[in-house]
Amino acid sequence: MSWISRVRNSLPFAPRRDTPDNLWVKCPGCNEMLFTREYEANLYVCPKCDHHGRIGADTRLAQLLDPGFHLLPDPSVADDPLKFRDTKRYPDRLKQARASNAHCDAFTAATGAIEGRRTIVGVQDFMFMAGSMGQAVGQAFCNGAEAALREGVPYIVVTAAGGARMQEGILSLMQMPRATVMTRRLREAGLPYIVVLADPTTGGVTASYAMLGDIHISEPNALIGFAGQRVIQETIREQLPPGFQRAEYLLEHGMIDMVLHRRDLKPTLAKLLDYLSPAKVA
Amino acid sequence: MISYLDFEKPLAELDSRITDLRTTAGESGDVDISSELARLEGKSAEMLGTLYAGLTPWQKTQVARHPQRPHFRDYLSHAFQDWVPLGGDRLYGNDQAIMGGLATLGGRRVMLIGHEKGHDTQTRIRHNFGMGKPEGYRKAIRLMEMAGRFGLPVVTLVDTSGAFPGIEAEERGQAEAIARSTEACLALPTPLVAAIVGEGGSGGAVALASASRVLMFEHAVYSVISPEGCASILWRTAEKAPQAAEAMRMTAQDLAELGVIDRIVPEPRGGAQRDARGAALALADAIGEELDLLGEVPPADLRRQREDRFLAMGMGVTPPAKPAKKGKR
């Protein structure tokens, strides 16, 4: 995000956006200069190399849901339960993240419809403190599941996270069982729970709600795994195989059902909901 | 012979003086040193008590990782009877980092599952230093499901630096195995008591510790990432691990205050590594009491109560006042 978006997003009167204002952007995949409008129209996928760019919660929700969806209220949790301080105070890190993001934490859920099929969609935003899972993320996930149970509709979650929010210590770890309680309740209620794994999904998020879906979909080349590559390399002192922990590698090893281009995501979800949804609404 | 940790150096010096004195007295035989010996031994015991009453989080981390700290096998041999080991996930292999089987604890039949780190080079390699692989977590799932079907309570002993970070573990779905094992804990229709006996390392620990009641040894630690890992990410140097250990609030005392664990089990003076049997018996008593209490909960409520325990977790936590200085820092 450019300095100008950061400044503008921190202004109290200007609407916040999670997309760049620059006329041109450089594709992180092939370094090609792309016309921003064209990139945006192509769902932030590079038309030259098919690199799937990371996108914020609002952009993702707008791509997946029909117009007219509503955001669920933000969860109310303590901002800094441990009074954590590393080289910076955690509240300062949060403040900084909030200044450049439209939302107050890394998980946003909405109620809406996918091509007319009612559903709850939750989206994790890697741009907010690497999408890391703390109490706010965990609770927003649970609230989304709760809403799906209440409305009797499917729950679709797009994951993206570097892992746990270390600044919340053990309380971030506890989001793993908390989220798992909810995925189980969805299953027992007979509601579909579909996970879309976006780049990157690692650590405690992968080891809880990202791997408990009825169906796992990934975007091309997304990094998905439990342990970080540096940690693995330091442990085993071997070269990692090519494509290791990428979506296609997970597909080959049976961990996900399909790898989809972003443009195919919405129609495929609609089709899946037709097959799985107990409460179809035209 | 106990190996001393860095912060135990003054104690090590004192103890070696005691040993020297004994040897000298044994050789000459005619000098009465008993009063001097008693004085020094009293001093040593007192020093040990003071030292362990004021351990910093980083010192506790070292105690929790002490090479002579008792592990699964020690607790099993001192506190459980009629052990029937069970093995394998029926899918791939039999992970030695996560042990499991049928056991009896003071007359109570349970399914016992836990990490085993090993106690010397050979066994450490065999048990992969207590770092479970997907097949280990899938074995735990199988055993928990079996326990549920036969009405057996489950006891887990958690002691791992974390789940194994390796190519084959990723290939076989480490994340999925951990998620499913956590789910199996939460779905268990019978009581589940977990005890963090050494290191509770991240997802590899939570996969066995999503329990009705979570106990923790006095000097055990439980955290989302190792202090070294946290320091190298947030401070950009692993040398800040002591600060990270402090900031993450990973000691039993901190976690009890946060409502993440239910009960602290006292260790013998100077830590479990000085008296494995004493530690095992204290642990067995505490687990037994918890099992008896859970035995009174109607089976239909067990699962719901366990779920609610986690759903409520952290929700009432208001930022705590800066903790008062505990002992020497």
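Residues numbered from 1 in each chain as written. Chains lettered and ligands numbered in written order. Predicted model: local features only at pLDDT ≥ 70, side-chain atom pairs only at ≥ 80, totals over all residues. Heavy atoms only, no water.

So, on to the sheet that holds strand β5 (residues 117–124) of chain A. Residues and elements named next belong to chain A. Across the sheet, seven strands lie side by side as β3-β4-β5-β6-β7-β8-β9; this open sheet has mixed pairing. Both edges of this open sheet fall to β3 (70–71) and β9 (258–259), since each of them pairs with a single strand only. For β3 and strand β4 (residues 107–114), the ladder comprises two bridges, and the chain directions are antiparallel. Bridging across to β4, H70 finds its partner in T111. (Pairing = 2+ DSSP bridges. Helix = DSSP H or I, 4+ residues; strand = E, 2+ residues; numbered from the N terminus.)

Below, the discussion takes up the confidence of the model for chain B. Residue and element names in this part refer to chain B. Per-residue confidence for chain B gives a mean pLDDT of 93, with 95% of residues at or over 70. Under a pLDDT of 50 for its full length, residues 319–329 has, in the predicted model, 16 contacts with residues more than four places off or in other chains. For this predicted complex, the interface score ipTM comes out at 0.92, while the overall pTM is 0.92. (pLDDT = per-residue confidence, 0-100. Contact = heavy atoms within 4.5 Å.)

A full pass over the atoms with the stated rule returns twelve aromatic pairs over all chains. Where Y39 of chain A meets Y44 of chain A, the ring centres are 5.3 Å apart and the plane angle is 80 degrees; that geometry is what we call edge-to-face. Y44 of chain A shares its class with Y39 of chain A; the two are buried. A centroid spacing of 6.0 Å and a plane angle of 35 degrees characterise the contact between Y75 of chain B and F217 of chain B, whose relative ring orientation is tilted. Here Y75 of chain B is found in helix α4 (residues 72–79), whereas its partner F217 of chain B is found in strand β6 (residues 213–217), with 142 residues between them in sequence. Residue Y75 of chain B shares its accessibility class with F217 of chain B, and that shared class is buried. Grouping aromatic residues by their ring pairs yields a cluster made of F107, F141, Y155, Y193 and Y209 of chain A. Here the basic side chain of K133 of chain B rests over the ring of F164 of chain B, its NZ or CZ set 5.1 Å away from the ring centre. Seen from the ring of Y92 of chain B, R172 of chain B lies directly overhead, with NZ or CZ sitting 3.8 Å from the centre. (Phe/Tyr/Trp six-rings, centres within 6.5 Å; stacked < 30°, edge-to-face > 60°. Buried < 20%, exposed > 50% of the residue type's maximum accessible area, 1.4 Å probe, protein only. Lys NZ or Arg CZ within 6 Å of the ring centre and 35° of its normal.)

Take the environment of G131 of chain A next. Residue and element names in this part refer to chain A. Tracing the sequence through the fold places G131 in the loop between β5 and α5 (135–151). Residue G131 is classed as buried on the basis of its relative accessible area, which comes to 0%. Distance from G131 to A160, taken between C-alpha atoms, is 5.9 Å for residues 29 residues apart in sequence. Excluding anything up to four places from it in sequence, G131 contacts A106, Q124, D125, F126, A160 and A161.

Moving on to helix α9 (residues 202–209) of chain B. Across the eight residues of α9 of chain B, seven count as buried, placing the element largely inside the fold. Along α9 of chain B, the residues classified as buried are G203, G204, A205, V206, A207, L208 and A209 of chain B.

Let us now look at the pairing of strand β2 (residues 98–105) of chain B. All names here are of chain B. Counting buried positions along β2 yields seven of eight residues, so the element is predominantly enclosed. Across three bridges, strand β1 (residues 81–85) lies against β2 in antiparallel orientation. Within β2, the residue paired with V84 across the bridge is L102. Two elements, β2 and strand β3 (residues 108–115), share eight bridges in a ladder whose sense is antiparallel.

In this section: the interface of chain B and chain A. Taken together, the 52 residues of chain B in the interface contact 54 residues of chain A. Regarding the contact of chain B and chain A, the summed buried area is about 4400 Å², with carbon and sulfur atoms giving 72% of it. Area buried by chain B at its contact with chain A is led by I167, E170 and L234 of chain B, which between them contribute 14% of it. Counting the contacts that link chain B with chain A gives five salt bridges. Notably, a salt bridge pairs R185 of chain A with D308 of chain B, separated by 3.9 Å at the nearest N-O pair. The tally of links from chain B across to chain A stands at ten residue pairs in polar contact (both at pLDDT 80 or more). Those elements that place two or more of their residues in the side of chain B that touches chain A are α7 (167–171), α8 (174–187), α9, β7 (221–223), α10 (227–234), α11 (241–248) and α14 (299–312) of chain B. A total of ten residues in the side of chain B that touches chain A trace back to one element, the largest contributor, which is α8 of chain B. Along the lines of polarity and charge, the residues of the side of chain B that touches chain A split into 29 nonpolar, ten polar and 13 charged. (Buried area = accessible area lost by both parts, 1.4 Å probe. Salt bridge = Lys/Arg side-chain N within 4 Å of Asp/Glu carboxyl O. Polar contact = N/O pair within 3.5 Å; in protein donor to acceptor, adjacent residues only side chain to side chain. Nonpolar A, V, L, I, M, F, W, Y, C, P; charged D, E, K, R; others polar.)

Residues and elements named next belong to chain A. Relative to the helices and strands, V196 resides in strand β7 (residues 193–201). Take V196: its relative accessible area is 0%, and that puts it in the buried class. Here the alpha-carbon distance between V196 and D92, two residues 104 residues apart in the chain, equals 31 Å. When sequence neighbours within four positions are dropped, the list of residues in contact with V196 reads I156, V157, V158, T159, I217, L265 and L269.

A few words on the pattern of salt bridges. On inspection of all chains with the given rule, the structure shows 40 salt bridges over all chains. With a closest N to O distance of 3.7 Å, R184 of chain A and E183 of chain B form a salt bridge. Here E183 of chain B lies in helix α8 and R184 of chain A lies in helix α7 (residues 175–188), a pairing that spans two chains. Under the relative-accessibility criterion, R184 of chain A is labelled partly exposed at 23%. Judged by relative accessible area, E183 of chain B falls into the buried class, the value being 3%.

Turning our attention to the packing of α10 of chain B against α11 of chain B. All names here are of chain B. Closest axis-to-axis distance for the α10/α11 pair is 8 Å, and the angle between their directions is 105 degrees. On the basis of the axis angle, α10 is roughly perpendicular to α11. Here P227, E228, C230 and A231 of α10 come into contact with α11, specifically with A241, A244, A245 and M248. The class makeup of the residues in the contact of α10 with α11 is seven nonpolar, no polar and one charged. (Axes fitted to C-alpha atoms, helices over the stretch in contact; angles between N-to-C directions. Parallel < 35°, antiparallel > 145°, perpendicular 65-115°, else oblique.)

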